[in-house]
Amino acid sequence: MIRPKIPVNPLPTGLVIPLDQPTAAIAPHTGTAPACDCHHGSVQPTSRVQLPAVRITPAGLVAAVAGGAGLVLVVGAVLVSMLLAVAITGASVAVCAIVLRSLLNGQHHR
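Residues numbered from 1 in each chain as written. Predicted model: local features only at pLDDT ≥ 70, side-chain atom pairs only at ≥ 80, totals over all residues. Heavy atoms only, no water.

**Focus on the overall build of the protein chain**
Here is step 1: Looking only at helices and strands, the protein chain has one helix and two strands in total.
Here is step 2: The N-to-C order of helical and strand elements in the protein chain reads β-β-α.
Here is step 3: Counting every atom, the protein chain has about 11,000 Å² of accessible surface; 71% of that belongs to carbon and sulfur. (Helix = DSSP H or I, 4+ residues; strand = E, 2+ residues; numbered from the N terminus. Areas by Shrake-Rupley, 256 points an atom, 1.4 Å probe, with all protein chains shown as cover.)

Right under this line is the structure:
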């Protein structure tokens, strides 16, 4: 309980050799193992459940394409309007800066 157990190291040959070798000699097992008295049933292979394939009708295909195209158009319109809002705001700030500059420079020349 205090000493940790090292896991068994499986080798590519199929032989399993534990890393912790016992110090006492172990007598080889002689005789046959007793017959198993439990009743093992034959293992039936499980059949794979076949999921129904998704079948798209021509009307459904047209609806999906129209919905996708509409979504692309709406997202594009929103993005373009945001870009235009930023451009208009930038232009108006630039015009305000030019007007203020001309007003402030006009006062220094008087």
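**Re a nonpolar patch on the surface**
Here is step 1: On the surface, L71, V74, V75, V78, L79 and M82 cluster together into a nonpolar patch covering about 580 Å² of accessible area.
Here is step 2: Along the chain, V74 falls in helix 1 (residues 58-108).
Here is step 3: The class of V74 is exposed, set by a relative accessible area of 53%. (Patch = residues over 30% accessible without salt bridge, like charges linked within 9 Å, V, L, I, M, F, W, Y side chains within 5 Å. Salt bridge = Lys/Arg side-chain N within 4 Å of Asp/Glu carboxyl O. Buried < 20%, exposed > 50% of the residue type's maximum accessible area, 1.4 Å probe, protein only.)

**Some remarks on the confidence of the model for the protein chain**
When pLDDT drops low, the exact placement of atoms in the prediction is not to be read closely.
Here is step 1: Across the protein chain, the average pLDDT comes to 79, with 57% of residues at 70 or higher.
Here is step 2: Across the protein chain, helix 1 holds the top mean pLDDT of 94, while strand 1 (residues 9-10) sits lowest at 61. (pLDDT = per-residue confidence, 0-100.)

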